[in-house]
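Observations on the three-dimensional arrangement
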Amino acid sequence: MNDTRWPQAYASGPLLLGVRHHGPGSARAVRGALDAARPAVVLVEGPPEADALIPLAADPGLRPPVALLAHAVDEPGRSAFWPFADFSPEWVAIRWALEHGVPAHFIDLPAAHTLAREKGEQDPGAKREGEVRGDPLAVLAEAAGHDDPERWWEDIVEHRGPGERDPFVPFAALADAMGALRERYDAGGHGRDLFREAHMRLRLRAARKEFGEQVAVVCGAWHVPALREKTTVAADRALLKGLAKVRTDLTWVPWTHRRLARSSGYGAGIASPGWYGHLFHAPDRPVERWLTKVARLLREEDRIVSSAHVIEAVRLAETLAALRGRPLPGLGETTDAVRAVMGDGSDVPLALVHDRLVVGDVLGEVPESAPAVPLQRDLARQQRALRLKPAALERELELDLRGDTDAGRSRLLHRLRLLGVGWGEPARSRGSTGTFRETWRLRWEPELSVRVAEAGVWGTTVLGAAQARAEADATAACALADVTALAERCLLAGLPNALPVVMRVLADRAALDTDVGHLAQALPALVRSLRYGDVRGTDTGALAGVAMGLAERVFVGLPPACAALDRDAADEMRGHVDAVHSAVGLLTETRAGAVAGGAAAAGSGPFGAGPGGGLRDRWRAVLRALSSRDSVPGVLRGRAVRLLLDDGALRSEEAARLMGLALSPGTAPADAAAWIEGFVGGGGGLLLVHDERLLALVDGWLRGVSGEAFTDVLPLLRRTFAAYEPGVRRTLGELVRRGPADRAAGRAAHGAVTPGFAAEPDTGRADAVLPVLRLLLGLDDDSDMRDDNILAGVGV
Amino acid sequence: MSAMSVTSASASASSPVSTSASASERPTTAEPGQGESAQALRPHAEHAFAAELTALAAQDDRPRPARWKLSPWAVATYLLGGTLPDGTVITPKYVGPRRIVEVAVTTLATDRALLLLGVPGTAKTWVSEHLAAAVSGDSTLLVQGTAGTPEEAIRYGWNYAQLLAHGPSRDALVPSPVMRAMAEGMTARVEELTRIPADVQDSLITILSEKTLPVPELGQEVQAVRGFNLIATANDRDRGVNDLSSALRRRFNTVVLPLPASADAEVDIVTRRVEQIGRSLDLPAVPDGIEEIHRVVTVFRELRDGITADGRTKVKSPSGTLSTAEAISVVTNGLALSAHFGDGVLRPADVAAGILGAVVRDPAADRVVWQEYLETVVREREGWTDFYRACREVSA
């Protein structure tokens, strides 16, 4: 605008604008400086391969935050991002150039070299941050007497409002300061900076040759002195000679404020993109505007916040800033003010403010004309490798997981399902129930390509994206059972790295879930995946730990949870008790197997007899407690006794005693009937056929039930006995018809033995069975003693 | 500590003092006989730390708000501790985030009332007393909130003998601490604001928004002079007892005093306080209880935060508050047990019963929480076997 300033702008060679990446104050200053200096070309720190992508920035479909994504062509997982928000100085410079029809170029070291470097340093975002975050700023801030370098930078640079000032002074001052710093702390620690700066100098020279003196460079403040340095072309060339290279592809990808925030993985290094965006866009009075924004947000969430609150918050923020010696309230002061004035001192509304405003939900957009995302490429590559062509026609695919290719296919399909790309749907396997067989129904529909593109935000490879997605899903899941299901899917999809997160969420949910029913529901699925994981050879140590913890919690919580239930709740709980019982059995086996396999017995505490045994013993103790507690509904008590009896943990006399207790006249008939249902319900009729004592107890109780009560218990009994197989029912009926007297007589005649058996074992006939039995049990001849014992057991 | 303050406040309130009396005439201690604050069981903050306050005032060259004894910076330093340019060491009165003290002091400087919230045992009263002492040089203008606090305690009462003899006059008026603070531009304190019945609470609204207290009987009013402000404390576990009306709430800036941030800080606080209390109760000295103290603090923290110290396992939280103050009492109790009945060394068994009592407040729900914690966390922990056994014994 002011032409007279030109000579001043380029007085000392090209206009070097040192900035802090993603600094709104820097961005504002850059815009002012460019407006004043009107350069003929703008050079920006960034990968030069992306020059072709710069015109896309003018496309209205490209909305920041976006990132330049560079990835190795044949290894999409090796990638690097250069994120831009609309308040990034680099972005401002690019937009300025496009708006004024001035060419813009990236001048950093090519991504081809960056990506060729060793894997450990893939992320140039972190690297870029490291330059400014590290020593130089801290040292400068310390020199100025501030303990927090970030805050110091904000006070002197980022919080500069718009105004009529010499646009070049701050940059010159900053360059001098950085120069002084670099003299003391030479770039020794930043080995890669030498190459980058050499490359920048080369590009700068080329630009000056082409456009003359009117060249503006926007780069990290740290690099400014290096660009001013006088070196020879030959020296720079020599430095760059022989750098490793890979073939790279670049594209724009949508980015989010959340990813700009330091807290999320990629971290371009700013904690508060929303706040910075606000500082950049607010024309004036940033604090007042910000607090008004906060008030509006809280109002939308039904919190009563009036204008008076805003006024008081502004006053508090300004006084706080004065107390802390800052020129203008920063994020810290406004946050404190919001907490004290609007939030009643609570952090809950603050979390909302942080999430929605300080970080913000801004999602960038990229036009369709941008090159394809690498996830698509990775998928195509895997499809080729696994010989799995996408076809629109539906077809069924049988996989044998013992083969490498098929296992790979299964994993790919499971991963895609996790990503919401429903290419294959699992179908029921025909004929075989083995865990090594899977059947899929495949169908590739055109919109799946869109899904893949969408899934691109999760990562650059199918594996990485599925992993990130699984972790995000686990964090977002509400129900415990959802998380266990997710754990199962992670195992199926071969995502061991996502498991720790899922397990942590699972452990947290389990700890906080007070409903034993939920815990009991989650346990079986978990134990299943534990066993399944074993089949696939996955490391399931964490899984086992969580399963054990879950079991413990169920043990502790079950007895109180079983008290005072109505009939429906009791029936539901019986299902849980059954499920936990089988899960505990399975878990004990799995654990025992693991321990026998040499794994450390991590679960055995000071009082645990053995890893699995202790668990089973404790479960039995829980069942015993259930069976003898009066407040527990009959159906559960009966079930507990039955489970103990089946496990051999309860002698049959004891079971009979408990049954007698439950069926004694003092008990309400309905409760007693429920006890019977719990004890012999669900196909447990054979027990009654074979144990006369129990049958006699039931029979005796039933005859003692009064007429009115009988109508009440009839439906329950009917439900219990109707579930038996016809044969069992008939035998029971016959036994009952014979009557107790008859039975007593029969017992006398048979010498008090079970009906159907002789009084004495017929050793001759028994011996005849021995060879077959040996064959069946796979026993050797020399273990005769054991055989005898087993046979004795069978004989009685 | 609050009991003492009540006595002094009510004693001084009951003596008829004209609202126009200057600060120097006003008795600062309850009884002339008790005058020497050094002999008091618990001297007021402005007496106990008089030397520090004087040193701060002497060195303080920053601008002071009207009638403040110190500048806001000096007040913050007084609470947080530090070293003055001349080498005077200011002991920290409050160990916690700097932010909290800064916001509190700033609030007082912007003439907004300050509400200190927190679970019991987080030093709310302590902070409010020291703030008043540093800002106004007087922490005795105190109203103790109870379920029976009358309106007179906040506004004014009457000396009925005077009233009957001479009719309504300024002399018959008995000003409340709040009224006196308004007239003299001092800091008034209201303890346990949420225990005060709602209608009495609301008499604060006019005082805080209009900064005036009308006396219709005399056709007069008392206008607050610059420097007047009010610090209230409330217990956020008591929420819902007499919740503040939103009109009143709006007049306060709220600062929540958190529980100690790190285990080490808490162990430090507990050890120091236990030592002080033990000395004042003449308990026999018990050596080396630091391990058990650490254990008590760990158990309290884990149950309170709902997560184990290593951040690996979540646990349920019981209904009790489990504040640092309770940890202190469990340890003092255990010390007394071990000194009088044990072998003189603080053992797991000495603290187990105390912990159980502190954790299990609701016999049904908390017992489950405690057992689950014992079984899933304590049992597995290395070196905690004795403690586990002791807890099992008392829990059974």
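Here is what the cut-offs are and how they apply
- Residues numbered from 1 in each chain as written.
- Chains lettered and ligands numbered in written order.
- Predicted model: local features only at pLDDT ≥ 70, side-chain atom pairs only at ≥ 80, totals over all residues.
- Helix = DSSP H or I, 4+ residues; strand = E, 2+ residues; numbered from the N terminus.
- Contact = placed C-beta atoms within 7 Å.
- Buried ≥ 20, exposed ≤ 12 C-beta atoms within 10 Å, placed from the backbone.
- Nonpolar A, V, L, I, M, F, W, Y, C, P; charged D, E, K, R; others polar.
- Pairing = 2+ DSSP bridges.
- Axes fitted to C-alpha atoms, helices over the stretch in contact; angles between N-to-C directions.
- Parallel < 35°, antiparallel > 145°, perpendicular 65-115°, else oblique.
- Left-handed = near helix turned anticlockwise from the far one by under 90°.
- Core = buried A, V, L, I, M, F, W, Y, C linked by C-beta atoms within 7 Å.
- Arc of directions from axis to C-beta.
- Expected span 1.5 Å × (residues − 1).
- pLDDT = per-residue confidence, 0-100.

What chain B contains, in helices and strands, is 17 helices and 11 strands. Long-range contacts, defined as pairs at least 24 residues apart, comprise 70% of the intrachain contacts of chain B with a sequence gap of at least 6.

Moving on, we get to the overall build of chain A. Within chain A, the secondary structure is distributed over 36 helices and 10 strands. When burial is assessed residue by residue, chain A has 43% of its 796 residues classed as buried. A fraction of 74% describes how many contacts in chain A between residues 6 or more apart in sequence connect residues 24 or more apart.

Taken residue by residue, the interface counts 28 residues in chain A and 32 residues in chain B. Among the secondary structure elements, those contributing two or more residues to the side of chain A that touches chain B are helix H15 (307–323), helix H16 (331–342), helix H23 (499–512) and helix H25 (541–561) of chain A. Per-class residue counts for the side of chain A that touches chain B are 13 nonpolar, seven polar and eight charged.

Attention shifts here to unusual backbone geometry. Excluding glycine, residues mostly have negative phi values, and the peptide bonds linking residues are mostly trans. All names here are of chain A. Cis geometry is found at the peptide bond from Pro-64 to Pro-65, where omega equals 5 degrees. Relative to the elements of secondary structure, Pro-65 occurs in the loop between strand S2 (41–44) and strand S3 (66–72). In this structure, Arg-285 takes a positive phi of about 40 degrees despite not being glycine. With respect to the helices and strands, Arg-285 occurs in the loop between helix H13 (273–281) and helix H14 (286–300).

Here we take up the sheet that holds strand S6 (residues 215–220) of chain A. Residues and elements named next belong to chain A. Spatially, four strands are ordered S1-S6-S2-S5 in an open sheet, and the strand pairing comes out parallel. Both outer strands of the open sheet, strand S1 (15–19) and strand S5 (104–106), are each paired with one neighbouring strand and no more. Ignoring strand direction, the axes of neighbouring strands in this sheet form an average angle of 20 degrees. Sheet analysis places S2 next to S5, joined by three bridges and oriented parallel. Counted as the bridge partner of Leu-43 is His-105 from S5.

All right, on to the pairing of S6 of chain A then. Residues and elements named next belong to chain A. S6 sits mainly inside the fold: six of its six residues count as buried. Bridging between S2 and S6 involves four bridges; their strand directions are parallel. The residue bridging Val-44 from the neighbouring strand is Val-218, located in S6.

Next up on the list: the packing of helix H13 (residues 290–305) of chain B against helix H15 (residues 348–359) of chain B. Residue and element names in this part refer to chain B. Closest axis-to-axis distance for the H13/H15 pair is 11 Å, and the angle between their directions is 20 degrees. On the basis of the axis angle, H13 is roughly parallel to H15. At the point where H13 passes H15, the crossing takes the right-handed sense. Counting all contacts with H13, which are made through Glu-292, Val-296, Val-299 and Leu-303, the residues of H15 involved are Pro-348, Val-351, Ile-355 and Val-359. Of the residues assigned to the contact of H13 with H15, the class counts are seven nonpolar, no polar and one charged.

A word on the nonpolar core. In summary, soluble globular proteins display a tendency toward joint burial of nonpolar side chains. The biggest cluster of nonpolar side chains holds 298 residues, and the ones touching the most others in it are Val-217, Ala-487, Val-502, Leu-523 and Ala-547 of chain A. Those residues in contact with Leu-523 of chain A that lie beyond four places of it in its chain are Ala-547, Leu-550, Ala-551, Val-554, Val-580 and Ala-583 of chain A.

Right, let's get into the environment of Phe-252 of chain B. Residues and elements named next belong to chain B. Within the secondary structure, Phe-252 sits in strand S11 (residues 252–256). We classify Phe-252 as buried; it has 27 C-beta atoms within 10 Å. Spatially, the C-alpha atom of Phe-252 lies 4.8 Å from that of Ala-113, the residues being 139 residues apart in sequence. If near-sequence neighbours (up to four positions away) are discounted, Phe-252 is found in contact with Ala-113, Leu-114, Leu-115 and Ala-232.

Residues and elements named next belong to chain A. With respect to the element layout, Glu-301 can be found in the loop between H14 and H15. According to the C-beta neighbour criterion, Glu-301 is exposed, with 12 such atoms within 10 Å. Between the C-alpha atom of Glu-301 and that of Pro-349, which follows or precedes it by 48 residues, the distance is 9.2 Å.

Before going further, it helps to spend a moment on helix H3 (residues 50–59) of chain B. Residues and elements named next belong to chain B. Glu-52, Leu-53 and Leu-56 are the residues of H3 that are buried. Down the axis of H3, the smallest arc covering the buried residues is 100 degrees, so these residues share one side. Within H3, the exposed residues directed more than 90 degrees away from the buried face are Ala-51, Thr-54 and Ala-58. Against helix H2 (45–48), helix H4 (72–80), strand S2 (89–90) and helix H6 (124–136) lie the buried residues of H3.

A few words now on the packing of H4 of chain B against helix H5 (residues 98–109) of chain B. Residue and element names in this part refer to chain B. In contact at an axis separation of 10 Å, H4 and H5 are set at 145 degrees when each is read in the N-to-C sense. When you trace H4 past H5, the crossing you get is right-handed. Every residue of H5 that contacts H4 at Pro-72, Val-75, Ala-76, Leu-79 and Leu-80 is listed here: Arg-98, Val-101, Glu-102, Val-105, Thr-106 and Ala-109. In terms of residue class, the contact of H4 with H5 is built from eight nonpolar, one polar and two charged.

Residue and element names in this part refer to chain A. Read across the open sheet, the three strands follow the order S8-S10-S9; overall the sheet is antiparallel. Of all the strands in the sheet, just strand S8 (395–400) and strand S9 (424–427) have a single pairing partner and so form its edges. For this sheet, the mean angle separating the axes of adjacent strands, direction not counted, is 35 degrees. Summarising the sheet, S8 and strand S10 (residues 437–442) pair through six bridges and their orientation is antiparallel. Considered in S10, the bridge of Leu-397 is made with Trp-440. Its contacts with the sheet put helix H19 (residues 404–418) on S8, S9 and S10, and the angle it makes with S8 is roughly 125 degrees.

A word on H13 of chain B. All names here are of chain B. Relative to the 22 Å expected for 16 residues at 1.5 Å per residue, H13 spans 22 Å between its end C-alpha atoms, a close match to the ideal helical length. Of all 16 residues making up H13, 12 are buried, and the element is well covered by its neighbours. For H13, every residue scored as buried is listed here: Glu-292, Ile-293, Arg-295, Val-296, Val-297, Thr-298, Val-299, Phe-300, Arg-301, Glu-302, Leu-303 and Arg-304.

Residues and elements named next belong to chain B. Burial of S11 is extensive: five of the five residues sit out of reach of the surface. Of the two faces of S11, the one carrying Phe-252, Thr-254 and Val-256 and the one carrying Asn-253 and Val-255 are both buried. By the bridge criterion, five bridges tie strand S3 (residues 113–118) to S11 in an arrangement that is parallel. By the bridge assignment for S11, Leu-115 is matched with Thr-254.

All names here are of chain B. If you trace the backbone, Ala-66 turns up in the loop between H3 and H4. Under the C-beta neighbour-count criterion, Ala-66 is labelled exposed, with 10 such atoms within 10 Å. Taking the C-alpha atoms as reference, Ala-66 lies 8.4 Å from Gly-185; in sequence the two are 119 residues apart. Non-local contacts of Ala-66, meaning those with residues more than four positions away in its chain, are made with Gly-185, Arg-226 and Gly-227.

Quick look at the confidence of the model for chain B now. The predicted coordinates should not be examined in detail at positions where pLDDT is low. Residues and elements named next belong to chain B. Residue-level pLDDT values for chain B average 81, and 85% of them are 70 or greater. Note that pLDDT drops below 50 for residues 1–37; the model gives that stretch 47 contacts with residues more than four away or on any other chain. Prediction confidence for the complex, expressed as pTM and ipTM, is 0.62 and 0.71 respectively.

We now examine the confidence of the model for chain A. Residue and element names in this part refer to chain A. Taken over all residues, the pLDDT of chain A has a mean of 76, while the share at 70 or more is 79%. Highest mean pLDDT in chain A belongs to H14 (91); lowest belongs to helix H5 (residues 124–133) (40). Below pLDDT 50 for its whole length, residues 263–268 participates in 15 contacts with residues either more than four positions away or in separate chains. Below a pLDDT of 50 lies the segment residues 783–796, which in the model reaches seven contacts outside its immediate sequence neighbourhood of four places, other chains included.

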